[in-house]
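Survey of secondary and tertiary structure
Spelled out from the first residue to the last, the chains are:
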Amino acid sequence: MTNQQEQAKTVALEALPLRDNLRGQFPYGAPQLEVTHLLNTNENTHPVPQVVADAIGKAVHTAATSLNRYPDREFTELRQRLAAYLGHELTENNVWAANGSNEVLQQVLQAFGGPGRKVLSFPPTYSMYPLLASGTNTEYISGVRADDFTLTPDEAARQVKDTAPDIVFLCSPNNPTGTALGLDVVEAVYQAGEQFNTIVVVDEAYEEFSLSGTKSALTLLQGRERLIVSRTMSKAFALAGARLGYLATSPQVTDALRLVRLPYHLSAITQAAANAALEHVDVLLATVDEIKAQRDRIVHELEEMGLKPAVSDSNFVFFGWFEDAHAVWQGLLDRGVLIRDVGIPHHLRVTAGTAEETTAFLVALREVISA
Ligand SMILES: *Cc1c(COP(=O)(O)O)cnc(C)c1O
């Protein structure tokens, strides 16, 4: 679209009786361009293994014959399978799911946020949090991190006490920086939020890629009924197109989410596909080690180029320092490699894909830097 077209669109939108907090906002929109190497949205770039694709195809085919009926509103089999995958003595009563973890997070805001309520998060972090907040009319409070993007337990707890949030979103490993939070931060935030009855969400979309030794917040669920750990099948499971996100929490919290979910929100097709995929967890996660190796290779080679990559527990690497990061982003795009300019000055983010994609990125980056 040209600037003029954009402007005309904005004017047309402004004429509508749009809610005030949506005026002037832009929809989520990572570029979806036709480029050889798509390394900008942290998908698993490995195709779905044939055995899994076949199993999904078969299950969806079977489900198709009963599409005249509404699906299992409680998606019980899926909750059982997800609980079994998560372990930690969780049962289906601890598990909830929706069409992507974005919908899960939206439901959390619908149940516990809303007008007059506040959600605290710590930018730079997942760009959807403020959008989900404004979509539900929840005030979004930007907490602060240190200059190196770290967050200590004391600092996080102090900011919770100062802002009295109804909900806190902690992204760990954090998107876009890639680094996981220590569990001491989660514990401190939960404790600081006790006096406000705060719901604490730990978004672990990238947990499967964590460095060995990094612990999941699932280990903290016992005895913390307002703690929520959200996960997704979009990243490590290589099923972004299936749209399945889920969370683990107390049975009370899942009951609260039942109050805001739309009836039958998980289609029979989605349930069939996810159930079939979960019968092949080992095959699906087989690429994780390879992706982690490429991630570590990117970190190593960026350091060799004199750049500063952040510690990554995820399938992407956040790195700087560039005088003009956007020019570097454009230079890479000109060479067929699309990565992400997350809008943080002097920094960029790249997804770790296959060995070939990593090579293409590194070769292109060396060219752009020396140009
Ligand atoms: C990719 C991502 C998600 C996943 O969203 P889905 O709706 O499950 O595809 C959630 N949180 C973060 C931080 C992400 O980067």
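Residues numbered from 1 in each chain as written. Predicted model: local features only at pLDDT ≥ 70, side-chain atom pairs only at ≥ 80, totals over all residues. Heavy atoms only, no water.

Attention now moves to the overall build of the protein. Each helix and strand counted, the protein has 13 helices and twelve strands in total. For the protein, whose C-alpha radius of gyration is 21 Å, the value lies close to the compact-globule estimate of 21 Å for 371 residues. Summarising its shape, the C-alpha atoms of the protein cover approximately 55 × 50 × 50 Å along the three principal directions. Once local pairs closer than 6 in sequence are excluded, the contacts in the protein between residues at least 24 apart make up 74%. When the accessible surface of the protein is summed, it comes to about 17,200 Å², and 52% of that surface belongs to carbon and sulfur atoms. (Helix = DSSP H or I, 4+ residues; strand = E, 2+ residues; numbered from the N terminus. Rg over C-alpha atoms; globule rule 2.2 N^0.38 Å. Contact = heavy atoms within 4.5 Å. Areas by Shrake-Rupley, 256 points an atom, 1.4 Å probe, with all protein chains shown as cover.)

This part takes up the layout of surface pockets. Over the atoms rolls a probe the size of a water molecule, and its path tells where empty space is left. Counted as a void, the second largest pocket has a volume near 380 Å³. Lining the second largest pocket are 19 residues, and of these Asp148, Phe149, Thr150, Thr179 and Ala310 sit closest to its centre. Tallied by class, residues from the lining of the second largest pocket come to nine nonpolar, six polar and four charged. In terms of domain composition, the lining of the second largest pocket takes at least three residues from each of domain 1 (31-47 + 286-370) and domain 2 (50-279). (1 Å grid on protein atoms, 1.4 Å probe; cavity = no way out; pocket = protein on both sides within 12 Å on 5 of 7 lines; lining within 4 Å. Points joined across faces, edges and corners; volume = space filled by probe spheres on them. Nonpolar A, V, L, I, M, F, W, Y, C, P; charged D, E, K, R; others polar. Domains from an automatic or database assignment.)

Attention now moves to the pairing of strand β5 (residues 167-171). Counting buried positions along β5 yields five of five residues, so the element is predominantly enclosed. Summarising the sheet, strand β3 (residues 118-121) and β5 pair through two bridges and their orientation is parallel. In the strand pairing of β5, Val119 is matched with Ile167. As defined by bridge partners, β5 adjoins strand β6 (residues 199-203) across five bridges and the pair is classed as parallel. Across the sheet, Ile167 pairs through a bridge with Ile199, a residue of β6. (Buried < 20%, exposed > 50% of the residue type's maximum accessible area, 1.4 Å probe, protein only. Pairing = 2+ DSSP bridges.)

Let us look at the sheet that holds strand β9 (residues 308-309). Strand order in the open sheet formed by three strands is β9-β10-β12, and the pairing between neighbours is antiparallel. Bordering the open sheet on either side are β9 and β12 (347-351), each of which pairs with just one other strand. In terms of strand pairing, strand β10 (residues 316-320) meets β12 through five bridges, oriented antiparallel. By the bridge assignment, Phe316 is partnered in β12 with Thr351.

Assigned domains of the protein: these are domain 1 (31-47 + 286-370) and domain 2 (50-279). Placing a centre on the C-alpha atoms of domain 1 and another on those of domain 2 gives a separation of 26 Å. In this complex, domain 1 contributes 21 residues to the contact, which on the side of domain 2 involves 21 residues. Here domain 1 meets domain 2 over a buried area of about 1,600 Å², counting both sides, of which 61% is carbon and sulfur. The interface formed by domain 1 and domain 2 contains zero salt bridges. Linking domain 1 with domain 2 are twelve residue pairs in polar contact (both at pLDDT 80 or more). Counting residues per element, the ones that place at least two in the side of domain 1 that touches domain 2 are α11 (286-304), β10 and β12. Among the elements that take part in the side of domain 1 that touches domain 2, α11 stands out by supplying four residues, more than any other. Of the residues in the side of domain 1 that touches domain 2, the class split is eight nonpolar, eight polar and five charged. (Buried area = accessible area lost by both parts, 1.4 Å probe. Salt bridge = Lys/Arg side-chain N within 4 Å of Asp/Glu carboxyl O. Polar contact = N/O pair within 3.5 Å; in protein donor to acceptor, adjacent residues only side chain to side chain.)

Now for helix α13 (residues 355-370). Compared with the 22 Å implied by 1.5 Å per residue over 16 residues, the 23 Å span of α13 between its first and last C-alpha is a close match. Along α13, the residues that are buried comprise Glu357, Thr358, Phe361, Leu362, Ala364, Leu365 and Val368. End-on view of α13: buried residues confined to an arc of 170 degrees, all on one side of the axis. Across α13 from its buried face, at more than 90 degrees, point the exposed residues Glu356 and Ser370. For α13, the elements touching its buried residues are β1 (37-38), α11, β10, α12 (325-334), β11 (337-338) and β12. (Expected span 1.5 Å × (residues − 1). Arc of directions from axis to C-beta.)

Now for the sheet that holds β6. Strand order across the open sheet formed by seven strands is β2-β8-β7-β6-β5-β3-β4, with mixed pairing between neighbours. The open sheet has two edge strands with one neighbour each: β2 (95-98) and β4 (139-142). Across the sheet, the mean angle from the axis of one strand to that of its neighbour is 25 degrees, orientation sign disregarded. When strand β7 (residues 227-232) meets strand β8 (residues 245-248), the two strands line up antiparallel, connected through four bridges. When the bridges of β8 are listed, Arg231 appears paired with Tyr246. Along the sheet, helix α5 (residues 128-135) contacts β3, β4, β5 and β6; its crossing angle with β4, the most-contacted strand, is approximately 155 degrees. (Axes fitted to C-alpha atoms, helices over the stretch in contact; angles between N-to-C directions.)

The next subject is the site of the ligand. Taken together, the neighbourhood of the ligand is formed by 13 residues, with Ser101, Tyr206, Thr232, Ser234 and Lys235 sitting nearest. In the model, an oxygen atom of the ligand is placed 2.8 Å from a nitrogen or oxygen of the Asn175 side chain. At 2.6 Å, a side-chain N or O of Tyr206 approaches an oxygen atom of the ligand. Taken by itself the ligand offers 380 Å² of open surface, and the protein chains cover 94% of this. Its residues placed into classes, the shell around the ligand shows four nonpolar, six polar and three charged. (Near = heavy atom within 4 Å.)

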